[in-house]
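Summary of structural features
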Amino acid sequence: MAQPNLFDDFGPVSSKQWKQQIQFELKGADYTETLVWESPEGIKVKPFYHRDEAGTFPKPKSAEGFSICEDIYVFELQKSIARALDCLSRGAESLRFYIPSADTDIQQLLAALPLEKTRVYLSLPFISNDFAEKISAYAKDKNAEIHCLIDPVGHLAREGNWMETPGTDNFKALGSLPGKAHMSLISVDATLYQNAGANMVQQLAYALSHANEYFNHISTIGKPLVFQVAIGSNYFFEIAKLRALRLLFDAVANEYGIANGCHIIATPSKRNKTIYDYNVNMLRTTAECMAAVAGGADAVSNMPYDALYHKGNEFGGRISRNQLLILKHESYFDKVENPADGSYYIESLTQQLAEKALALFKEMEAAGGFLKQLSDGTIQKKINESAAREQELFDSGKEVLLGTNKYPNKNDRMKHELELFPFVKIKPRKTLLTPIIEKRLAEKLEQERLDTETETI
């Protein structure tokens, strides 16, 4: 005998019936003015989403779980190797090394790692055939997953100058690198746009147009292109942002006959992090890492809660790694494939973000593309305008950072805790164009508090 379905006792409720009930409960208040709010991207968010109004949305490809990534700056090779092995022994599953120059003994570094079970990212601010050849040999011989994160367009946007490449231009040098069959070589660093204050539609459109420059200038991409993305505090929107990024990338890449998809490394935003009441940063980064996982990131690299004002230290690194370990091994965030599927709200956000970003991308391409708009300052201007609007909300208290512009602890003193200078520093230098500058929301207010501390000492 078949078991009765308990839900058969309840009749379906249409979206129209829900809205009528809500309007009744509002007792005459306007539905739209009271319950519908508009995001900085121009997306109107409703109080409920229903199957009646849900369209059939394309599903982004899902990452097969996420890896816990640790960031390591390679200055003293032996210390970096020791730290890498220690991180792996404590739960890290992938490593992102920042390599300062081609003089680094990359063979010694790779030889020390268990490449058969460790995904490796190598962030390179230079282009070198010899260096790439050495890495490619390891990727091929060890069947290792190695991604070289080389992004001359991103370097231009961040620094105002191209990478130094003797004898040729950056695109030509990047396109001629060996190893395309064994490893990723091209990266798009989209963290810059979020950390500088771009809204989500801008972030997606700029990242897509940024990637399109490589499609236009390099004939063979090879292994999947890697996006590095910063995740902010708007939880559901950030989930939708990553999903929209995959859909948009696939749509553009297919036009070039590229079917590899993309690879996403996500990290928490710097923009909303603070030096006062800094423990709150742990809550912010936890929610942002959750959004990254639910959005389908391939790897998540967490930011230590004290990264703004302390040099890298064992305690901060352990806490940030443990946040991801808890998400993975205690909260089982890696066990559900595409967890956002079936959420009418997130699917609606994904579709709207993708449509708006695609429209902006098309406008940019019609106006000459990413490099043209970067050169004439259009992108910098648009990001500055978006950042200024968000800064105004923060300054007025409508955008809240607890412990900083709301419920500050007046007894909190940071003057003698600062090992790093956590504010924007402008280095006078000759550049080809105006660079895009990252800036945190709390910088001005924090500087004022630090000045007050100095006066009272």
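Going by the structure above, here's the rest.
Residues numbered from 1 in each chain as written. Predicted model: local features only at pLDDT ≥ 70, side-chain atom pairs only at ≥ 80, totals over all residues. Heavy atoms only, no water.

Examining a nonpolar patch on the surface
To be explicit about the condition: Each patch is built from residues that are more than 30% exposed by relative accessible area and take part in no salt bridge. Like charges join if they lie within 9 Å; nonpolar side chains (Val, Leu, Ile, Met, Phe, Trp, Tyr) join within 5 Å. Only the protein chains shown count as cover for residues, and the accessible areas themselves come from Shrake-Rupley with a 1.4 Å probe. Just to be clear on terms, a salt bridge is a Lys or Arg side-chain nitrogen sitting within 4 Å of an Asp or Glu carboxyl oxygen. Helix numbers and strand numbers start at the N terminus; a helix is a DSSP run of H or I with at least 4 residues, a strand a run of E with at least 2. Think of it in three bands: residues with accessible area under 20% of the maximum for their type are buried, residues over 50% are exposed, and the middle band is partly exposed, with areas taken using a 1.4 Å probe on protein chains only.
A grouping of V400, L402 and Y407 is seen on the molecular surface, where their side chains present a nonpolar patch of about 310 Å² in accessible area. Following the sequence through the fold, L402 ends up in the loop between α15 (378–395) and α16 (443–456). Note on L402: relative accessible area 43%, which makes it partly exposed.

Considering the packing of helix α10 (residues 235–255) against helix α13 (residues 344–366)
Let me state the cut-off plainly: Fitting a line to C-alpha atoms yields each axis, with helices limited to the stretch in contact; the angle taken between N-to-C directions then spans 0 to 180 degrees. Convention used here: angles under 35 degrees read as roughly parallel, angles over 145 as roughly antiparallel, angles from 65 to 115 as roughly perpendicular, and any remaining angle as oblique. Each crossing is labelled by how the near helix is turned from the far one, with a counterclockwise turn of less than a right angle marking it left-handed and a clockwise turn marking it right-handed. Note on contacts: a residue pair is in contact if any heavy atoms of the two residues lie within 4.5 Å. In this count, Pro and Cys sit with the nonpolar residues alongside Ala, Val, Leu, Ile, Met, Phe, Trp and Tyr, while Asp, Glu, Lys and Arg are called charged and the others, Gly among them, polar.
Where α10 contacts α13, the two axes come as close as 8 Å, and the packing angle between them is 50°. Classified by the angle between their axes, α10 and α13 sit oblique to one another. The hand of the α10/α13 crossing is right-handed. Counted together, F236, F237, I239, A240, K241, R243, A244, L247, L248 and V252 of α10 and Y345, I346, E347, L349, T350, L353, A354, A357, L358 and F361 of α13 form the full contact between these two elements. When its residues are assigned to classes, the contact of α10 with α13 shows 16 nonpolar, one polar and three charged.

Quick word on helix α3 (residues 77–89)
Here is the rule: Take the residue count of a helix, subtract one, and multiply by 1.5 Å to get its expected span. The directions from the helix axis to the C-beta atoms form the arc being described.
The end-to-end C-alpha distance of α3 is 18 Å, a good match for the 18 Å that 13 residues give at a rise of 1.5 Å each. All buried positions along α3 are accounted for by L77, S80, I81, A84, C87 and L88. Seen along its axis, α3 keeps its buried residues to an arc of 130°; they face one direction. The exposed set on the far side of α3, more than 90 degrees from its buried face, consists of K79 and S89. Once α3 finishes, G91 follows within two positions and takes phi at roughly 120°, a positive value.

What about the sheet that holds strand β3 (residues 67–73)?
Rules: In this analysis, strands are considered paired if DSSP registers two or more bridges between them.
Strand order around the closed barrel formed by eight strands is β3-β4-β5-β6-β7-β8-β9-β10, with parallel pairing between neighbours. Pairs of neighbouring strands in the sheet enclose a mean axial angle of 30°, with direction left out of account. Two strands pair when backbone bridges link them, and strand β9 (residues 262–268) and strand β10 (residues 299–301) are joined in this way by two bridges, in the parallel orientation. Residue pairing across strands places I265 opposite A299, the latter belonging to β10. Its contacts with the sheet put helix α9 (residues 200–217) on β6 (146–150), β7 (184–189) and β8 (225–231), and the angle it makes with β7 is roughly 145°. In this fold α10 packs onto β8 and β9, with an angle of close to 160° to the strand it touches most, β8.

Nothing here speaks to function; it is geometry throughout.
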